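In case you want the letters, here they are:
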Amino acid sequence: MLIGACRAAPKTEPRAAGGTKARPSIMLVTLDTTRADAIGPEATGIDTPAFSELAARGRRFRQAYATVPETLPSHTSMMTGLYPAGHGVHENARYLSGDRPVLAERLRQAGYRTVAFVSAFTLARRFGLARGFDVYDDEMPEGQVERAAQETTDRTLAHLRQDSRQPLFLWVHYYDPHYPYTPPEPFRSRYLKKPYLGEVAAMDQQLGRLVQAFEQQVKGPAGIVIVGDHGEGLGDHRESQHGSLLYQATMHVPLVLVGPGIAKGVSDTPVSTRRVFHTILDWAGLGESNSLRGSEQEVVLAEAMRPFVAFGWQPQVMAVLGRQKAIFAGKLEVYDVVADPMEARDLAAEVEVSRALKTAVRDYPVPSLEAPLAIDSLGAEEVRKLANLGYVSARSRPVVRKDAPRPVDMSRLFDVIEKASGLFAREEYARAIPLLERILAEDPKNLDATLSLATAHSALGHEKQALEAFRGAADIAPDSQDVRTYLALHYARGKQWERAVPLLERVVAETPDRLPALEALAVLRERQGRTSEAVALRQKIYGMRKPSAEELVRLGQLAMDDGQTALAIEAFEKARALQGRAFGQDLELGVLYLAARRLPEAKDSLDRVALSHPEYPMALFKRAQVSVLLHEPDRAARIALARERADATTRKLIAAERLFQE
Ligand SMILES: [Zn+2]
């Protein structure tokens, strides 16, 4: 009866004047790092009134599962309706391919205004989820990689005040419960012993403000989804954070729906959060299949592949049907998650596992290890930002090993790995080395740790230890291109150009988009005096990542030396836009504009050259030339000034300058 009633609901939706169906405005709120047992009416030791009030008004799914215990892949599933095998984003720092349709695109095509506010660099525009959004606010406070729910809410509310006749699709992402746990007052004092819960409670307060503002602002029907992207280990199964294992602490997430056709109450049917995609399309009148408004039972899948793609540990797959949950990672584990939500008792040897679950975990596609590394398309600054968010990025493809360890058996290394990765990204090599040695003591075939150790020694000038570690890496993976790359970078660091160049040339020939190799080769080409190649490499690199102002200045200088006037002007102007008054290449820019016969711009550039510039006489000489070419009334005075202030170089140039002999 209930199901029949909900199914009929969209057909009886109110129609707007003019005869077209009124589409509801829709708000999706994703709660980062929020355990299912840390929020809502059944949570213990915490009060989350905003979430609980929504749960009371709508439908709460008590068995909702993330597709991946990591931010970007989990959100990618909600935005595409696909499991990671379908969308290809198995870990953070990847990029959603442009050929996968996304929710915001579909809604925008259907007439929605699409707006997103995200709260961490992990979901920055560059990772591909901004597609389809009219507004995608991923601006973090200066020098920071995340922002608090309060700030995200303030910005969202300011935006909501703008009037619009279009239905709205609003996605707000809150990041607060992510480690480190530093709740604001009064939550800090209230949850002194449980700061994680303090973060959740503080976020809930902002959720209340957000829901109230959204409902006041949108006219007509509305739909709201509140969902977690993954949970947090908090020590369960010896995992303190998330991303490495598939237990309930990180996979079981809160999910509440309030909206058209949604029956009030609770549901105990296991569902995947990827169906948020289908549910929102359903609300928008774009198709009913897979909507959570229906209650089709399905095998819910999930994966945690980061330990596999980073270290070659066992790939991990999860499947849930009813109250039975299977995890496969080298061997099968089975739990009754209703009777035993802590998954303390593995029933694999005791119970008959459903055939559907067995098939699901057996047939689950394991990602290829041949894919390019995420880190190879990131600049050093982006790697540091991700490391500051606790993200471990692999520097090499692992070797496939028959005796690969199961991630759950390596749990004592999780925190060590995270710490080592962070220190490494911040170039604190001396502190990273003992941690890397500890990882290798437990997992000697770990290529990533071996290459990190080699690189750390190399950076510190420990030639002997570095080479020893590189030999170890070559033993683990004799054909690894990653070993060649890092060895080449080691030679480059030690100025052993003749060894570095052929290795790098080979790496770049095999993988033309490998950023660290391209960067090193660009430096070497410059030292070899092969300027055109250095310029071309730098252009390619800056097409892949954002250059700094200093790098743009260097590109401008190289292009100028190479006679590429237009490119040099472009690079200097970009640097000037970034540096403002600190920009020091106005003389070069003036000379370039003069060479390009862009005289008004040459004049402006030369007028900006400071009196204190060591080549100020040259600026006066060039300025006088420009003055003559522009027929300025004071050109004679400018020539006189250039003569008067001339140095040895410009004196000769002035004497030979025919423009001055009128
Ligand atoms: Zn997350």
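Residues numbered from 1 in each chain as written. Predicted model: local features only at pLDDT ≥ 70, side-chain atom pairs only at ≥ 80, totals over all residues. Heavy atoms only, no water.

A few words now on the overall build of the chain. When its secondary structure is counted, the chain shows 28 helices and 15 strands. Taking the principal axes of its C-alpha atoms as reference, the chain extends roughly 100 × 70 × 45 Å. When the 662 residues of the chain are sorted by exposure, 56% land in the buried category. Long-range pairs, those at least 24 residues apart, make up 64% of the contacts in the chain with a sequence separation of at least 6. Accessible surface computed for the chain: about 28400 Å², of which carbon and sulfur atoms make up 52%. Charge centroids of the chain, computed over 86 positive and 86 negative side chains, lie 2 Å from each other. (Helix = DSSP H or I, 4+ residues; strand = E, 2+ residues; numbered from the N terminus. Buried < 20%, exposed > 50% of the residue type's maximum accessible area, 1.4 Å probe, protein only. Contact = heavy atoms within 4.5 Å. Areas by Shrake-Rupley, 256 points an atom, 1.4 Å probe, with all protein chains shown as cover. Lys, Arg positive; Asp, Glu negative; His and termini not counted. Charge placed at Lys NZ, Arg CZ, Asp CG, Glu CD.)

What follows is about the coordination of the zinc ion. Taken together, D32 (OD), D32 (OD), T71 (OG1), D229 (OD) and H230 (NE2) make up the full set of protein donors to the zinc ion, lying 2.0 to 2.7 Å away. Sequence spacing of the donors to the zinc ion: D-x38-T-x157-D-H. With D32 in the loop between β1 (25-31) and α2 (49-57) and H230 in the loop between β7 (222-228) and α9 (248-251), the pair connects residues that are 198 residues apart, well separated along the chain. Neither residue differs from the other here; D32 and H230 are each classed as buried. (Donors = N, O, S within 2.8 Å, 3.2 Å for Na, K, Ca; no water.)

Our focus in this paragraph is the side chain of K622. Its place among the elements puts K622 in helix α26 (residues 616-629). Here K622 is buried and forms no salt bridge, its nearest opposite-charge partner E657 lying at an N-O distance of 6.6 Å. In this view, K622 contacts V591, L594 and L606; residues no more than four positions away in its chain are not counted. (Salt bridge = Lys/Arg side-chain N within 4 Å of Asp/Glu carboxyl O.)

Moving on, we get to the packing of helix α6 (residues 149-160) against helix α8 (residues 195-217). It is at 9 Å that the axes of α6 and α8 come closest, and there the two elements cross at 5°. Judged on the interaxial angle alone, α8 and α6 are roughly parallel. Each of A149, Q150, T153, D154, T156, L157 and L160 in α6 lies in contact with α8, whose residues at this interface are M203, Q206, R209, L210, A213, F214 and Q217. Of the residues contributing to the contact of α6 with α8, the split by class is 7 nonpolar, 5 polar and 2 charged. (Axes fitted to C-alpha atoms, helices over the stretch in contact; angles between N-to-C directions. Parallel < 35°, antiparallel > 145°, perpendicular 65-115°, else oblique. Nonpolar A, V, L, I, M, F, W, Y, C, P; charged D, E, K, R; others polar.)

With that out of the way, let us pick up the sheet that holds strand β3 (residues 64-65). Strand order in the open sheet formed by 3 strands is β8-β3-β11, with mixed pairing between adjacent strands. Edge positions in the sheet fall to β8 (252-253) and β11 (271-272), since each of these pairs with one other strand and no more. Pairing of β3 with β8, which is carried by 2 bridges, proceeds in the antiparallel orientation. Bridge assignment links A64 to a residue of β8, and that residue is V253. (Pairing = 2+ DSSP bridges.)

Strand order in the open sheet formed by 8 strands is β5-β4-β6-β1-β7-β9-β2-β10, with mixed pairing between adjacent strands. Looking at the sheet topology across the chains shown, the edges are occupied by β5 (135-137) and β10 (265-267). Mean inter-strand twist for the sheet, computed between neighbouring axes without regard to direction, equals 10°. Along the sheet face, α2 touches β1, β2 (59-61), β7 and β9 (255-258) and points at about 55° away from the line of β9. Across the sheet, helix α3 (residues 71-80) touches β1, β6 (168-174) and β7, and the angle it forms with β6 is around 160°.

Before going further, it helps to spend a moment on the environment of R209. Structurally, the position occupied by R209 is in helix α8. R209 gets classed as partly exposed once you look at its relative accessible area, which sits at 29%. For the pair R209 and L157, spaced 52 residues apart in sequence, the C-alpha separation works out to 8.7 Å. R209 has contacts with Q150, T153, D154 and L157, leaving out every residue within four places of it along the chain.

Bringing the packing of aromatic side chains into the picture now. Tallied over the full model, the rule gives 12 aromatic pairs. Taken together, a centroid distance of 5.5 Å and an interplanar angle of 75° make the contact between F121 and F127 edge-to-face. On the basis of an interplanar angle of 65° and a centroid distance of 6.3 Å, the ring pair of F572 and F583 is categorised as edge-to-face. In this pair, F572 is assigned in helix α23 (residues 565-579) and F583 in the loop between α23 and α24 (586-595), connecting sequence segments 11 residues apart. An identical accessibility class is assigned to F572 and F583; each is buried. (Phe/Tyr/Trp six-rings, centres within 6.5 Å; stacked < 30°, edge-to-face > 60°.)

Let's shift gears to the pairing of β1. A regular strand places its side chains on the two faces of the sheet in alternate fashion. With 7 of 7 residues buried, β1 lies mostly within the body of the structure. Relative to β7, β1 is paired through 7 bridges, and the arrangement is parallel. Among the inter-strand pairings, M27 is bridged to a residue of β7, identified as I224. With 6 bridges connecting them, β1 and β6 associate as parallel partners. Following the sheet pairing, L31 is matched in β6 by Y174.

Our focus in this paragraph is the pairing of β9. Side chains L255 and L257 of β9 all project onto a buried face; the interleaved residues V256 and V258 project onto the opposite face, where all are buried too. Two strands pair when backbone bridges link them, and β2 and β9 are joined in this way by 2 bridges, in the antiparallel orientation. Residue R60 lies in a different strand from β9, and its bridge partner there is V256. One ladder, built from 4 bridges, connects β7 with β9; its direction is antiparallel. By the bridge assignment, V227 is partnered in β9 with L255.

Right, let's get into the pattern of salt bridges. What the rule picks out here adds up to 55 salt bridges. The partner of K325 in a salt bridge is E343, with the nearest N and O atoms 2.7 Å apart. Highlighted residues: K325 in strand β14 (residues 324-328) and E343 in the loop between β15 (332-336) and α12 (355-363), separated in sequence by 18 residues. Relative accessible area serves as the criterion here: at 2%, E343 is assigned to the buried category.

Let's shift gears to the nonpolar core. A general tendency of soluble globular proteins is for nonpolar side chains to be buried together. Core analysis: the largest hydrophobic core is formed by 109 residues, its most contacted members being L28, Y136, F169, W171, V225, L255 and I280. The residues touching Y136, leaving out its near neighbours within four places in the chain, are A116, V118, L123, A124, R125, L129, A130 and W171. (Core = buried A, V, L, I, M, F, W, Y, C linked by side-chain atoms within 4.5 Å.)

The predicted structure's coordinates, where accompanied by low pLDDT, should not be read in detail. Summing up the model confidence of the chain, the mean pLDDT is 92 and the portion of residues at 70 or higher is 97%. Counted against residues more than four places away or in other chains, residues 1-19, with its pLDDT under 50, gives 25 contacts. (pLDDT = per-residue confidence, 0-100.)

This part covers the side chain of S291. Checked against the element boundaries, S291 lands in the loop between α10 (275-283) and β12 (300-304). Here S291 falls in the buried class, since its relative accessible area comes to 3%.

With that out of the way, let us pick up the environment of A329. Mapping A329 onto the fold places it in the loop between β14 and β15. The exposure class of A329 is buried, given its relative accessible area of 3%. Put simply, A329 and Q316 are 13 residues apart on the chain and 4.6 Å apart in space, counted from C-alpha to C-alpha. For A329, the contacting residues outside a window of four places in its chain are Q314, P315, Q316 and R406.

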